[in-house]
Amino acid sequence: MKTTKDFLNMKQNNDPIVMITAYDYPSALLAEASEVDMILVGDSLGNVVLGYDSTIKVTVDDMIHHSKAVKRGAKNTFIVTDMPFMSYHFSKEEALRSACRIMQEGDAHAVKVEGADENVLDVIKALTIAGVPVIAHLGLTPQSVGVLGGYKVQARDSESAMKLFNDAKKCEEAGAFAIVLECVPKQIAKDITKDLSIPTIGIGAGVDTDGQVLVYHDLITYGVGRVAKFVKQYANVSTTIENAIASYVQEVKTRQFPDTKHSFTMKEEQLKALYGGSSQ
């Protein structure tokens, strides 16, 4: 299993980091078999697998539940778990308690937090001092989408781009071992990547970050509708699954399933014994 040191070495060696966001045992099992470098248990599970319209309703208990499932499927992969909405904003003590539970109960190797205001920077410092590896998340931060005014590309003007540069540097100085950059211009992501000594992992941030992350369900088109521009869909399993279920429904309705191959039988002599000498 890779470590935070390995990810730093990958940046230095220009070896791209592959992260995938997964939420359960089977997806983690397949991710590990495909040799991804890192799995993110994202609070996007609220949208993707729990059916919420945002990440806001996701709790620490939800994150622990799904993190444990991912760990069971990917025992030898570095696992990062999101700290959900408001689980690290009330106080450093509350943040430490939440991270402690995610690490101890959820079997995560690191946590991820969004933003770079002074409170979040203090949390990154406190967690790092306590021995909790932290990934920062800048650009489009879904937990703050209400404040940002929707799911929009960030840092598209010089002022906001400069703030993103400064925030990334502050997160590095606070102790983050990597930074996710979401929905920012590729030129800005490239320059931030050059400016930092820690890895950047992009999602909608161009090819020049130190790594990339996509959601499992998005990249295989599993139970998702419209996807963002930055998502490449490598397969369409939703169509395969829907067709398979439709075939099952049709065969049950027409009594084609189960057929003899999918049924069990009893020997003729046992049937005769059961029915008093005559089989039914």
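Residues numbered from 1 in each chain as written. Predicted model: local features only at pLDDT ≥ 70, side-chain atom pairs only at ≥ 80, totals over all residues. Heavy atoms only, no water.

Undergrad: Help me understand the nonpolar core in this model?
TA: Soluble globular proteins tend to pack their nonpolar side chains together in the buried interior. Ranked by internal contacts, the top residues of the largest apolar core, which has 36 residues, are I124, C171 and I179. Put simply, the parts of the chain that give this core at least two residues each are helix 4 (60-73), helix 5 (92-104), strand 4 (110-114), helix 6 (118-129), strand 5 (134-139), helix 8 (158-174), strand 6 (178-182) and helix 9 (186-195). (Core = buried A, V, L, I, M, F, W, Y, C linked by side-chain atoms within 4.5 Å. Buried < 20%, exposed > 50% of the residue type's maximum accessible area, 1.4 Å probe, protein only. Helix = DSSP H or I, 4+ residues; strand = E, 2+ residues; numbered from the N terminus.)

Undergrad: Is there a simple way to explain the sheet that holds strand 4 in this structure?
TA: Hydrogen bonding along the main chain pairs the strands of a sheet, whether they run parallel or antiparallel. Pairing within the closed barrel is parallel, and its 8 strands lie in the order 1-2-3-4-5-6-7-8. Strand after strand, the sheet turns through a mean of 25 degrees between neighbouring axes, direction not considered. Across the sheet, helix 4 lies against strand 2 (38-41) and strand 3 (78-82), angled at about 165 degrees from strand 3, the strand it touches most. On the sheet, helix 8 packs against strand 5 and strand 6 and is oriented at approximately 175 degrees with respect to strand 5. (Pairing = 2+ DSSP bridges. Axes fitted to C-alpha atoms, helices over the stretch in contact; angles between N-to-C directions. Contact = heavy atoms within 4.5 Å.)

Undergrad: Explain unusual backbone geometry here, please?
TA: Residues other than glycine predominantly adopt negative phi, and peptide bonds predominantly adopt the trans conformation. A cis amide bond links F257 with the next residue in sequence, P258, at an omega value of 0 degrees. Structurally, the position occupied by P258 is in the loop between helix 11 (237-253) and helix 12 (268-274). In this structure, M86 is a non-glycine residue whose phi angle is positive, near 65 degrees. On the secondary structure map, M86 appears in the loop between strand 3 and helix 5. Owing to a relative accessible area of 31%, M86 belongs among the partly exposed residues under this scheme. Here C183, not a glycine, exhibits a phi torsion of approximately 55 degrees, which is positive. Turning to its location among the elements, C183 is positioned in the loop between strand 6 and helix 9.

Any link to function would need more than the numbers given here.
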